[in-house]
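Next come the chains, spelled out residue by residue.
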Amino acid sequence: MQHFHILLRRHWPLALLAGGLLLALLWGMLAPLRGASHELLLEVRPGPDAPTAVRLTLGVQDVLLLRNASAAPLVFGPVQLAPGGEFRLPVEEAGEQDIPCPALPGGVLRVRVVPMPDPGLERLRWRLGNFAHAIRTMPVQGPE
């Protein structure tokens, strides 16, 4: 035990960092999931960078809010949206569905609905996946 105290005293910044990392991981595993809105906004613009798949999570983000950001009407499944128009698609069960949308690359939007993750590693994995997706889809802006 004495040896542990000497190591802790000598390497306290590293021990503090490790403790903080452990607390962050525990929070990610156990904290309840909530958000400001159940909607996931998808602005559809013609072009090669338009998304071809979205992931919704039951109880957290379970409404797809589709916004037509183009100057032409948009067909999304059986719905036609005017320029600037919006359509909300609520989901109630897990699974995958392909919805025809000719304005997107491939002409289809794959909507994947996953159940709310249970506390533990599943919830931590879900949070890390959302964080990675947010980083990947961040808009690139140059200096002003």
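Higher on the page you've got the structure.
Since the structure is predicted, the reported quantities are computational estimates derived from the model, not experimental observations.

### As for the overall build of the protein chain
In step 1: Across its full length, the protein chain holds three helices and eight strands.
In step 2: Its helices and strands taken in sequence order, the protein chain reads α-α-β-β-β-β-β-β-β-β-α from the N to the C terminus.
In step 3: The C-alpha radius of gyration computed for the protein chain amounts to 21 Å, which surpasses the reference 15 Å derived for 144 residues by more than 25%, pointing to a less compact arrangement than a globule.
In step 4: C-alpha atoms of the protein chain, sized along the principal axes, occupy 75 × 45 × 25 Å.

### Structural notes on the nonpolar core
In step 1: Counting 18 residues, the largest nonpolar core has Leu 42, Leu 64, Leu 66, Phe 76, Leu 109 and Val 111 as its most contacted members.
In step 2: Top element by residues in this core is strand S8 (residues 108-114). It accounts for three residues.
In step 3: Sequence-distant contacts of Leu 64, defined by excluding residues within four places in its chain, comprise Leu 40, Leu 42, Val 54, Leu 56, Phe 76, Phe 87, Arg 88, Leu 89, Leu 109 and Val 111.

### Notes on the pattern of salt bridges
In step 1: Inspection of the entire model under this criterion finds seven salt bridges.
In step 2: Here Arg 67 ties to Glu 86 by a salt bridge, and the two come within 2.8 Å at their closest N and O atoms. Placement of Arg 67 in strand S3 (residues 63-68) and of Glu 86 in strand S6 (residues 86-90) is noted, with a sequence separation of 19 residues between them.
In step 3: On the basis of relative accessible area, Arg 67 is assigned to the partly exposed category, the value being 24%.
In step 4: In this structure, Glu 86 and Arg 88 form a salt bridge, with 3.7 Å as the shortest nitrogen-oxygen distance.
In step 5: According to the relative accessible area criterion, Arg 88 is partly exposed, its value standing at 45%.
In step 6: Sharing partners across several salt bridges, the network here consists of Glu 39, Glu 43, Arg 67, Glu 86 and Arg 88.

### Structural notes on the environment of Arg 123
In step 1: Within the fold, Arg 123 resides in helix H3 (residues 121-136).
In step 2: Look at Arg 123 and you get buried, because its relative accessible area is 7%.
In step 3: Sequence separation of Arg 123 and Ala 31 is 92 residues, and the distance between their C-alpha atoms is 8.8 Å.
In step 4: With residues near it in sequence (within four places) discarded, Arg 123 still touches Gly 28, Met 29, Leu 30, Ala 31, Pro 32, Leu 33, Pro 117 and Asp 118.
In step 5: From its side chain, Arg 123 meets the backbone oxygen of Pro 117 in a polar contact 3.2 Å long.

### Overview of the sheet that holds S6
In step 1: Sheet architecture is open: three strands sit in the order S1-S3-S6, paired in mixed fashion. Every other strand in the sheet has two partners, leaving strand S1 (39-44) and S6 as the edge strands with one partner each. In this sheet, neighbouring strand axes are inclined to one another by 20 degrees on average, regardless of whether the strands run parallel or antiparallel.

### Observations regarding a nonpolar patch on the surface
In step 1: A cluster of nonpolar side chains, contributed by Leu 22, Leu 23, Leu 26 and Leu 30, occupies part of the molecular surface with about 410 Å² of accessible area.
In step 2: Mapped onto the secondary structure, Leu 26 falls in helix H2 (residues 12-30).
In step 3: What makes Leu 26 partly exposed here is its relative accessible area of 38%.

### Quick look at the side chain of Arg 127
In step 1: Within the fold, Arg 127 resides in helix H3.
In step 2: Buried and unpaired, Arg 127 has no salt bridge, with Glu 122 as the nearest side chain of opposite charge at 12 Å.
In step 3: Contacts of Arg 127, omitting those with residues within four sequence positions, involve Trp 27, Gly 28, Ala 31, Pro 32 and Leu 33.

Reading the values: rules and limits
- Residues numbered from 1 in each chain as written.
- Predicted model: local features only at pLDDT ≥ 70, side-chain atom pairs only at ≥ 80, totals over all residues.
- Heavy atoms only, no water.
- Helix = DSSP H or I, 4+ residues; strand = E, 2+ residues; numbered from the N terminus.
- Rg over C-alpha atoms; globule rule 2.2 N^0.38 Å.
- Core = buried A, V, L, I, M, F, W, Y, C linked by side-chain atoms within 4.5 Å.
- Buried < 20%, exposed > 50% of the residue type's maximum accessible area, 1.4 Å probe, protein only.
- Contact = heavy atoms within 4.5 Å.
- Salt bridge = Lys/Arg side-chain N within 4 Å of Asp/Glu carboxyl O.
- Polar contact = N/O pair within 3.5 Å; in protein donor to acceptor, adjacent residues only side chain to side chain.
- Pairing = 2+ DSSP bridges.
- Axes fitted to C-alpha atoms, helices over the stretch in contact; angles between N-to-C directions.
- Patch = residues over 30% accessible without salt bridge, like charges linked within 9 Å, V, L, I, M, F, W, Y side chains within 5 Å.
- Areas by Shrake-Rupley, 256 points an atom, 1.4 Å probe, with all protein chains shown as cover.
- Lys, Arg positive; Asp, Glu negative; His and termini not counted.

Read these as geometric descriptors, not functional statements.
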